[in-house]
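Structural characterization, general
Here's the letter readout for the chains.
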Amino acid sequence: MSLEKIMTFMLLSCKEATALIEKKAVFPLTFKEKCRLYVHVKMCVVCNLYRHQSQTIEKALSKWINFEGAPEERLPAEKKAQILEKIKED
């Protein structure tokens with residue numbers, strides 16, 4: 001396999017990279033997907049920032065969904081179920 005074919009195989013568009021970043025938050029990536037995403041994020045500053053933002057949002061959402069504070073500050077069970085269902089759909 002030539003170097004050109006290997007590079008073509010490994011390179012992702014930013015659209016593909018962001019899709020994998022979001023997929024990674026919910027499902028495990030294949031070895032191939034992990035490698036391709038790693039290479040892209042190392043070369044693309046914008047996607048690296050997007051990955052960081054996505055992780056920050058995911059952590060904040062997780063804390064909010066699992067919040068154990070005062071009852072009036074908690075996310076209602078119905079809303080929590082709706083959010084989790086929407087995440088599973090995408």
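Just so it is clear, the model here is predicted, and its values are computed rather than measured.

1. Considerations on the overall build of the protein
For the protein, the helix and strand inventory stands at five helices and zero strands. Beginning at the N terminus, the succession of helices and strands in the protein can be written as α-α-α-α-α. The burial tally for the protein puts 18% of its 90 residues in the buried class. Once local pairs closer than 6 in sequence are excluded, the contacts in the protein between residues at least 24 apart make up 48%. Counting every atom, the protein has about 7300 Å² of accessible surface; 62% of that belongs to carbon and sulfur.

2. Side note on the nonpolar core
If you look at the biggest cluster of nonpolar residues, it comprises nine residues: Leu12, Ala17, Leu20, Ile21, Leu29, Leu37, Val41, Cys44 and Cys47. Tallying contributions element by element places helix 2 (residues 14-26) first for this core, with three residues. What Leu20 contacts, discounting residues up to four positions off in sequence, is Leu12, Leu29, Glu33 and Leu37.

3. As for helix 3 (residues 31-43)
The terminal C-alpha atoms of helix 3 lie 19 Å apart, and with 13 residues this matches the ideal 18 Å at 1.5 Å per residue to within 8%. Considered for burial, the residues of helix 3 that qualify are Glu33, Arg36, Leu37, His40 and Val41. Each buried residue of helix 3 lies within a common arc of 125° when the element is viewed along its axis, so the set occupies one face. Opposite its buried face, helix 3 presents the exposed residues Phe31, Tyr38, Lys42 and Met43, each directed more than 90 degrees away.

The rules behind each value
Residues numbered from 1 in each chain as written. Predicted model: local features only at pLDDT ≥ 70, side-chain atom pairs only at ≥ 80, totals over all residues. Heavy atoms only, no water. Helix = DSSP H or I, 4+ residues; strand = E, 2+ residues; numbered from the N terminus. Buried < 20%, exposed > 50% of the residue type's maximum accessible area, 1.4 Å probe, protein only. Contact = heavy atoms within 4.5 Å. Areas by Shrake-Rupley, 256 points an atom, 1.4 Å probe, with all protein chains shown as cover. Core = buried A, V, L, I, M, F, W, Y, C linked by side-chain atoms within 4.5 Å. Expected span 1.5 Å × (residues − 1). Arc of directions from axis to C-beta.

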